[in-house]
Structure formats: structure tokens, C-alpha cells
Amino acid sequence: MNSIIYLNYTAIDPHIGCIGVCYAHLTSLFSRNIKVKTYSNSEIKQYWKGDRVSSLEFIQSSEIANGVHLCDGVIINGEGTLHHNRGLFLLAIAEFAISINKPVFLINATIQEIDGFDDVFKSLTDLAVREQLSYEYLRSKGIDCRLTVDSIVNADFSDEISIDFCSKVIVNDWHPHVESVIYPIVSKVRTDYDVSYYPLQNSEAYNQWQHTVANFQTADLIIAPRYHSIYLSGLGGKPFVALPSNSHKVEGIIKSSNLPLPICTHSKDLESCINYAMKNRNLYKEFQSFLKESKNKDFEVFDTYFGLLFNNSDVKESITVNQWQESIKVHCNTSKTNFYKNVLRENLLLSEKNLLAKSNLIKNRSYTIYYKKYSTIFIKDSSLIFNAAIAAYGVRDFNTAEKLLKQLIELDAKRAYKYLSYLYMDLGRYTEILDLETNDKAGWNQAKYIYLLHSHRLQEAWELLHFRPFSCNLIDNGSHYSLHLDSKEITVIMEGGIGDQVKQSLIFKYLTENFLKITIVCDERLIALFTRINPDFVYMNQDDFLNDHHVMVPAQDLFSYFRHDLEKIYVSLAADENLKAYWFGLFNSFDKDKIIGVCTGTEINTPERIANIFSAKNYHKIFEVYDNFLYVNIGILGFNNINVYEPRIDRKNDIENIAAIIECCDLIITPPNSLLDICGGLGKKVIALSTGNKFNWRFNQKHQDIYHKNTTWVVTYTIDKKTITVHKCLNEIKNIFSPVFQ
């Protein structure tokens, strides 16, 4: 027996728990005159390639394979790695070693929710877990294993005190994966008690680790968020309150002890846990005895396998300790540097969280908060300028928004031009949209297209669509419909969201008159509704479409055929009759005069949708005036109002039920969104609410929608005057239902 490979060498970090574990392992091996080649996880984690076969193939030709071939065996320190499908690189290396008949000893392990490696676990020469729940987990899968405790109990701790905590409460650091649970508890400890903070990971860990147990004995109580702080407290016989970690290891070691030691999982339970610990100090003396009785179990199978006779002494020979000191010299010399790198990393993470919090304010439409707190820009950064501009846009400070977006041009021109276009649309400054186009080199003349729409120069706008990259690619490939005008087969690729695709479905009538075989590529949610009107079409889910058809056309390239006689209602969707009957019966049971579908607007959290959003509060006046109508929410966002019935369906994706509900309504009131077009496609009467100038192109001089004859637009051209729009809507409702009020 000459040498072994030791995997998951954690003493590279200045962490007291990791140092103690590796000290226990390496000094034990050195005492047996064994040469040890260590690998930290950072050196070997790349050996996992996503699956066992690929990983094994990679390892077979890797550097570590040579070492495994030459060594007498492999020891894996299971500390903190093998749970929730983490640390699979260790098991991949183990599988390789087993495949070439090398003994593999997995010791000091917590194992939880590891999939697909049961056969590897069963083939290990030794499998020792450090707490009861891992033992029960493996045994439930038919895997034999030994139950030990964490190897840190075998480290040589000193009786010498280096820090006197003067009977205070100690708080240790915690794992970042559980900070949402730990942070409130530790915050409460800090508020209620005189605490000393003693992180297990610290710059002096290599010099101080052996004094930790003695230091803990000078405290009154330890709040233990780290697994190893439970052991360090326990070895000193001190009361502690355990906090949960990122696996079942904390609960597991306490279950192993068979002692009723407290685990605090919520700040409201902290006081009772502390009181219990302080009143039951004898339990911690029993825990201390349990740990001491459990020492020196790690290498029992190892010694038997290699025929080693070893006296497990608590005292290591000086030559062994010197070997350890030599092995960690490089870590000790750089520990302070590494520690402060960790501090820097924590500060960076904190900054990242702060930035995320700022972004979330924008995402959640908290424009007022953002504008008040972060409107000052100290450095020239595209994200900061953009968020400030969006916040200004959201609070209707359009002058500031415009200035900021113009500043953004040199940093992120594409985004700046996009949002300036939206701003100018809302404000009705159409010619300035066209001016932007002369500077924006990235687009396909999008601004000109918008300008032509708002100028109601629709024919020019629709012809411009052929110059989009999507259309040009089809033309270049020879598959665009315009190159095959004599074809009797065509594949139409619907574009945009479901509302856009419903508008585009107005070409279906034209298609039936000109083609024998028609394939429609569209959103899967619309297929059933389209099929009821045009059952002879072939429909394909747009997510499955491969673009390999011979004759294709993007639906918008046929925009010139979308126009229809506004004196007629063209229906392109049909709801399921059974669903319609169900909802009709339900709504009639309310015994109201009329059934009105309502919607607050879009779920998209961007300020260019200002004209699309009418809050639930905006509807209150309508509810007040027409209080004997049944209002049904057909949108995504809830009204939280007793006047509105909220169907218990997925209102984003269950378009079949939404269509059936719409069919039952006498009138729909909605801002411009997909629902507006679904209602139009069903031929329902709609009032479209809007502010600003963004949607002027969609209606004629009589405010009739250019797509859907039954849709009437109620518009206030000042973008933030929603109340005025609602009052106009009241008049329109009266006109629609005038016989009811006579």
C-alpha cells in the first residue's frame, strides 16, 4: 500500500469546518505512511459532462485517469457535495475507478436526492454517511452503507483559548442557498441579544481553527447556521440552536444523536428554542459524549481492505503534523488574500442584488419609486440611463424620458431608437419617428412603416413589409409566394402574438378563393378556433414548424388583402358550443340585465404599453353607473372587485374557454390587446379604450376599427387622461344599449 487519490479536498478554503475535516483525513493517512494526491473540486468538476456515458468517456482520456491507474485506491470526502444532483463529477470519477478495479472509499458523506447512480453506490468498497437521514435514504434504495458522524470529530482541537467570548451569544455565518430562512432569524438574534459574530470562514482560519472548540466554551450559547458549528459546539459541550442548511444534514445528525435538540426554522420560534437550549444544558453534555464515542470510524473498512493494523490514537506524532503543515502551507500563506476575495465577492453579490432590485422596480411598473430614488445618474452606463428613461416615461415625464433616450443613442442605439419611436407615437409626433429612421441603421425601415400607418397611407405601408429580413430571406431562398403566383398550394406563417394572428386571419377568405391546399402555421392556442371556420386548412403549431415548405409567405406580406367592407362583419373564429352553453347558463344565473366582458389591459410590463393599460380603478365609474350589469374579467390581471366575476381558468392560455365566455357577452370593454382582436374575430361588439396617439392608425374617421367592424374606439389623445376616456366610454355604452334605457 503506497498511495491514494483523495477527492474533494476542501482545505483550500479558509473555513474551519473544511480545514478540520481535511486535517482529520490527511493526518490519518500520513500516520499510515501513505502518499496522498489531493484534488479540490475546482480541479475536477469539469469531468461531469451532463451524463454518465459522456463523463466516463471524457475521464478515460483525461489527466486524472493516469493517476487513478497508478494509485492503490481512491478516497472521496463526501462533505457537502452529494445532494440534489450536485457533485456528480465525484461519482463519475468513482465509476471510472471501479471500472478498472480500483477500490473506492466514499466517507464522511451526506447523500440526498442523487439520481441515476445507485449501481455506483452499490459498487463502492466503502460507503460511510455522517448522519441518520442519509443512511435511511440509501437503505430505502437497497444500498448498504455505514453510519458514522462527521470526520471533524477526529481533528486535534486544542484546549487553549484564543478568543474569550465572555458568555455572549455567538452567531456563525451561513450557507447562501438558505439565506432567505437564516437572515430573519439571525437578524432577530442580533436585535434581541448581545452577540459576537464568528464566521467559520475567516482570514485567520488556518491559524485559529484548532482553538475553536475552546473558544466556543467561553460563550453562553451558539446560534449554529453551519453544520460544522453544531459539531464544534457539541465537542465543547455547549448549548446551541441549530438552523437549517442546504441539505438534510442538520436534521440528520440530530436524529443520529437521538436527542431532542432544537432546530429553529422561523424567527418566531427563536425565543422558545433559545430558552429550551438554556434550560436543558445536560442534553448538550450527552451530545458531547455521543460525538466522542463516535470517533475514529472513517478508516475502519479502509484498514481491513488493505490489511492495516493501526492504533487509533487521539495524539498524532509530530512528523505527521509536520506533513500536514507542509501540505497546507500554500493555503495558509494565501488565506487572507482568499478571504478578502470572498469579502469582495460578497460585496459584488450585494451590488448585484441591489441592481436586480432596481430592475425589478421597472419590471413591476414601480416607476414612481424608481424615479424618486434613482433618477440621478452618476456614471454613463446604458442600463442606468435606460432604466431612468423608462421610469420617466412611466411617470409621464416625457421631456426627461426623451432627453435620456437621446443620451442612450451612442451607447445602445437600437434600444434608444425603439423607445423614442414609442414615445413619439404616444405623443402623436409622427414625423419625428421618420426622422429617427435616417439615423437608425439597424432596422428595416420600421419607423417609416409606423409613420405610414399613422398617416393612413396603408397601401404604401403594406408594400413596405416585403423588405423585412424575414420576407427577404424567403425571397432569397426562392420560396416566397410572390415568386410562385401560379401555385395552388401555400403555407402562411402567422406572425406576432395571438391578437396579431387573429387580425391576420382575415386573409383566410382570400386564401380559400385562390388556393387548393392551404397550410397555416400559427399559435397552438388558436388552432381549434380557426378550424371551426376553415376546417379544410392544414394547421401547424408554430413551435414545431421547420420552414421547409416550398411556397411560403409571412402573413403580414398579404396585408393588402386584410381590408374588407366595413359594412360587413367578417368572422374568422368560432367558440366551442358546449363551453359556450356552460358559461351562458352560469352567467344567466346571476339575473343581470347584460353581460359585459372587461379587461384591464396587457400583462407586459413596459411603459410603451401605457395606452394599453386601464387599471381596475379606472373601471369603477362604469360599475357605479351600470350597477345591474354582470361584469366578467376576460383579461389576465384580476380586478379584486365584488362587481367583477373572475372565471377560474387560465386566462392567458385557455383561449377556448375565453372565446366561449366572450361569445356569451353582450359587450366587451377592453384596452388594445390580443383580446380586442379575439373579440373582433368572433364578431362581438367591442369598445376599445385608448389614450395617446399610438393607435390612431387602427380606426377610421368614425372611430370604427379597420379590421373589425363591430369594434368602436374610444380615445383621449392626451396619454395620461384615462378618466376622460372612461367618461366617453359611458356615453358609448348608453348609445349601444339605448333601447334598454328608454
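Quick notes on the rules
- Residue indices follow the written sequence of each chain, beginning from 1 at its first position.
- Per-residue local features are limited, in this predicted model, to residues with pLDDT of at least 70; the limit for side-chain atom pairs, both in listing and counting, is 80 or more; totals at the level of whole chains, interfaces and linings are taken over all residues.
- Hydrogens and water are ignored here; the side-chain numbers use all heavy atoms of the structure.
- Comment: elements are numbered from the N terminus, with helices defined as DSSP H or I runs of at least four residues and strands as E runs of at least two.
- Multiplying one less than the number of residues by 1.5 Å gives the expected span of a helix.
- Summary of the burial criterion: residues with accessible area below 20% of their type's maximum are buried, those above 50% are exposed, and those between are partly exposed, where the area comes from a 1.4 Å probe applied to protein chains only.
- Definition of nonpolar core: a set of buried residues of the types Ala, Val, Leu, Ile, Met, Phe, Trp, Tyr and Cys, connected through side-chain atoms within 4.5 Å.
- Should any heavy atoms of two residues lie within 4.5 Å, those residues are counted as being in contact.
- Each aromatic pair joins two rings of Phe, Tyr and Trp (for Trp, the six-membered one) with centres within 6.5 Å, and gets the label stacked for planes under 30 degrees apart, edge-to-face for over 60, and tilted for any other angle.
- Distance and angle both matter: a charge sits over a ring if NZ of Lys or CZ of Arg is within 6 Å of the ring centre and within 35 degrees of the ring normal.
- Each axis is a line fitted through C-alpha atoms, and for a helix only the stretch in contact is used; angles between axes span 0 to 180 degrees, taken between their N-to-C directions.
- Our angle categories are set so that under 35 degrees counts as roughly parallel, over 145 as roughly antiparallel, 65 to 115 as roughly perpendicular, and the remainder as oblique.
- Ten residues, namely Ala, Val, Leu, Ile, Met, Phe, Trp, Tyr, Cys and Pro, are considered nonpolar, four, namely Asp, Glu, Lys and Arg, are considered charged, and the remaining ones, Gly among them, are considered polar.
- Pairs of N or O atoms are called polar contacts if they sit within 3.5 Å, as long as, within protein, a hydrogen donor faces a hydrogen acceptor (for residues adjacent in sequence, only side-chain-to-side-chain pairs).
- Any two strands between which DSSP finds at least two bridges are classified as paired.

Asks: Help me understand helix α20 (residues 413-427) in this model?
Replies: An α-helical turn contains 3.6 residues, so a residue and the one three or four places further along point in the same direction. With 15 residues, α20 extends 21 Å between its outermost C-alpha atoms, agreeing within 8% with the 21 Å of an ideal straight helix rising 1.5 Å per residue. The set of residues buried in α20 consists of A416, Y417, Y419, L420, S421, L423, Y424, M425 and D426. Note on α20: the residue one or two positions beyond its end, G428, has a positive phi of about 75°.

Asks: Before we go on, may I ask you to explain the nonpolar core in this structure?
Replies: In summary, soluble globular proteins display a tendency toward joint burial of nonpolar side chains. Within the largest apolar cluster, 102 residues are counted, with the highest numbers of intra-cluster contacts made by I490, V492, F508, L511, I520, I662 and I678. The element that contributes the greatest number of residues to this core is helix α18 (residues 382-394), accounting for 8 residues. Excluding anything up to four places from it in sequence, I662 contacts I634, I668, L675, I678, C679, L682 and K684. Residues A155, C264, A277 and W324 belong to the second largest nonpolar core, which totals 71 residues.

Asks: Explain the environment of S375 to me, please; I cannot follow it from the model alone.
Replies: The residue S375 is located in the loop between α17 (367-374) and α18 in this model. Spatially, the C-alpha atom of S375 lies 8.9 Å from that of I385, the residues being 10 residues apart in sequence.

Asks: Even after reading the chapter, I still don't get the packing of aromatic side chains, so can you show me in this structure?
Replies: The geometry of two aromatic rings is summed up by the distance between their centres and the angle between their planes. Inspection of the entire model under this criterion finds 40 aromatic pairs. Pairing Y23 with W209 gives two aromatic rings, centres 5.0 Å apart and planes at 55°, and the pair type is tilted. Note that Y23 is positioned in helix α1 (residues 16-31) and W209 in the loop between α9 (205-208) and α10 (212-216), a separation of 186 residues in sequence. By the burial criterion, Y23 is buried, and W209 matches it. Centre to centre, the rings of F105 and Y305 are 5.8 Å apart; their planes meet at 80°, and the pair counts as edge-to-face. Taken together, the positions of F105 in strand β4 (residues 104-109) and Y305 in helix α15 (residues 300-306) put the pair 200 residues apart, joining distant regions of the chain. For K49, the ring lying beneath its charged end belongs to F58, and the centroid distance is 4.2 Å.

Asks: Is there a simple way to explain unusual backbone geometry in this structure?
Replies: Among all residues save glycine, negative phi is the norm, and among peptide bonds the norm is trans. The phi dihedral of N101 is positive, around 65°, even though this residue is not glycine. Of note in the backbone geometry, R396 takes a positive phi value of approximately 70° without being a glycine. Looking at where R396 falls in the secondary structure, it is placed in the loop between α18 and α19 (398-408). Note on R396: relative accessible area 31%, which makes it partly exposed.

Asks: In this structure, what is going on with the packing of α18 against α20? I would like to understand it.
Replies: Think of two packed helices as two axes; the pair is described by the angle between the axes and how far apart they sit. Viewed as axis vectors pointing N to C, α18 and α20 meet at an angle of 10°, and their least axial separation amounts to 12 Å. The angle between α18 and α20 falls in the class roughly parallel. Of the residues in α20, those touching α18 at S382, S383, F386, I390 and Y393 are R415, Y419, Y422, L423 and D426. A class-by-class count of the residues in the contact of α18 with α20 yields 6 nonpolar, 2 polar and 2 charged.

Asks: Teacher, can you tell me more about the side chain of H25 here?
Replies: Mapped onto the secondary structure, H25 falls in helix α1. On the basis of relative accessibility, which here comes to 0%, the residue H25 falls in the buried class. Of note is the side chain of H25, whose polar atom sits 2.7 Å from the side chain of S151. Residues in contact with H25, not counting those within four places in the same chain, are Y6, N77, I107, N108, S151, D298 and F299.

Asks: So what exactly am I meant to see when it comes to the sheet that holds strand β16 (residues 629-633) here?
Replies: Strand pairing in a sheet takes place through backbone hydrogen bonds and is either antiparallel or parallel in direction. With parallel pairing, the 6 strands of this open sheet are ordered in space as β17-β16-β15-β18-β19-β20. For this open sheet the edge positions go to β17 (644-645) and β20 (711-716), each flanked by a neighbour on one side alone. The strands that helix α31 (residues 674-681) touches are β18 (667-670), β19 (686-691) and β20; relative to β19, the one it contacts most, it runs at about 155°.

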